[in-house]
Amino acid sequence: MTNIRKPLFAGTWYPGDADACEQEIQHFLEEGKTDRIEDRNLIGGIVPHAGWFFSGSIACNVIYSLSRQEQPDVIAIFGMHMHPGSTPHLMAEGAWGTPFGPLEIHEEIAGDLKKQFNFTIETPERFTQDNTIELQLPFVKHFFKDAKIVPIGAPPADVSLQIAAATVQAAQKRGLKLKIIGSTDLTHYGLNYGYTPQGTGPQAVEWVRYENDRKFIDALLSMDAGEVIRQGIENQNACCAGAAAAALEASRAAGADQAESLTYATSYEKHPGDSFVGYAGVVFA
């Protein structure tokens, strides 16, 4: 039997059983009806990774949008909180558990990547506690029941762009249909995060929404992976800029030539306070 990585956030950051997850997903889909794109084949997307209460609706609707046309054989998921000098991470074997059942790792693609790059290898028994990828997996299992995954921790560095391109090449040489997900939240603002360049109060929320987060979203929409990384490092407007840049680069390598913003929100709308986080849903086609 395949070894299965235990989900660590089920029952806290998102529901711990299939029925409750299903109810949440149906609520998210109803909530996000006006934000969907259904008339073209989407290759990749950017999703947030806060608890489902805060950002689950955005993530769900991006991943749902990816499922509307061609069903993939494999999904590359880029995530993890990393700095430019971090070693990339790769789960290379086994499966990752979800309330809907396990998602198997595509071990052949992971094997190709292991030969080309220096990774910290994760297994179902030895891994870094990480919410950025796990919170997407119930959505992935729900909408892509037969797909395998390649979960990759991507630092904000050029190596992540190289890994992204190599992931697409590994899928293409096997004739596999690929979809791509990048997981990042945007500006973490407030005393809780040690980042208050605009003080506190409504003007800070406006600055995050219309200036700081907008710069990062614009970099995604311009499909400039290098600028995505630069924005995250210089303006602290993405906690996982490497994951977003890798997903963008992989989507480009897989044929995407345009990007569109589906939705934007902050945790302030759900829980007003002086500390809050921005979230965006973006798709590549």
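Our subject in this report is the structure included herewith. Quick caveat: nothing in here was measured; it's all calculated off a predicted structure.

## Concerning the sheet that holds strand β6 (residues 103-104)
Then step 1. On the basis of which strands lie adjacent, the open sheet formed by 3 strands has the order β1-β5-β6 and mixed pairing. Where the open sheet ends on each side, the last strands, each with one partner, are β1 (4-5) and β6.
Then step 2. The pairing of β1 with strand β5 (residues 95-96) spans 2 bridges and is parallel. Each bridged residue has a counterpart across the sheet, and for R5 the counterpart in β5 is W96.

## Topic: helix α8 (residues 225-235)
Then step 1. When α8 is considered as a whole, its buried residues turn out to be A225, V228, I229, Q231, G232 and N235.
Then step 2. If you follow the buried residues of α8, they end up packed against α6 (158-173), α7 (202-221) and α9 (241-253).
Then step 3. Taking the backbone nitrogen of G226 as reference, a side-chain oxygen 3.2 Å away marks D224 as the first, capping residue of α8.
Then step 4. Just downstream of α8 lies Q236, where phi reads positive at about 50 degrees.

## Here's the deal with the side chain of T184
Then step 1. Within the secondary structure, T184 sits in the loop between β9 (178-183) and β10 (188-189).
Then step 2. Residue class for T184 comes out buried when judged on its relative accessible area of 1%.
Then step 3. A distance of 2.9 Å separates the side chain of T184 from the backbone nitrogen of C240, its partner in a polar contact.
Then step 4. Not counting the four nearest positions on each side in its chain, T184 is found in contact with I46, V47, P48, H49, F216, A238, C239, C240, A241 and A244.

## Structural notes on the nonpolar core
Then step 1. Counting 56 residues, the largest nonpolar core has F78 and L113 as its most contacted members.
Then step 2. F28, W96, A147 and I181 belong to the second largest nonpolar core, which has 34 residues in total.

Procedures and definitions
- Each chain carries its own residue numbering, running from 1 in the written order of its sequence.
- In view of the model being predicted, local features appear only for residues whose pLDDT reaches at least 70, and side-chain atom pairs are presented and counted only at 80 or more, with totals across whole chains, interfaces and linings using the full set of residues.
- With hydrogens and water set aside, each side-chain value is computed from the structure's full complement of heavy atoms.
- Pairing between two strands is assigned when DSSP locates at least 2 bridges connecting them.
- Numbering of helices and strands starts at the N terminus; helices are DSSP runs of H or I of at least 4 residues and strands are runs of E of at least 2.
- Here the term buried applies to any residue with accessible area under 20% of the maximum for its type, exposed to any over 50%, and partly exposed to those in between, with areas from a 1.4 Å probe on protein chains only.
- The contact rule is simple, with two residues in contact once any of their heavy atoms fall within 4.5 Å.
- Two N or O atoms form a polar contact when they lie within 3.5 Å of each other; inside protein one atom must be a possible hydrogen donor and the other a possible acceptor, and for residues adjacent in sequence the pair counts only when both atoms belong to side chains.
- In these notes, a set of buried Ala, Val, Leu, Ile, Met, Phe, Trp, Tyr and Cys residues joined through side-chain atoms within 4.5 Å is what counts as a nonpolar core.

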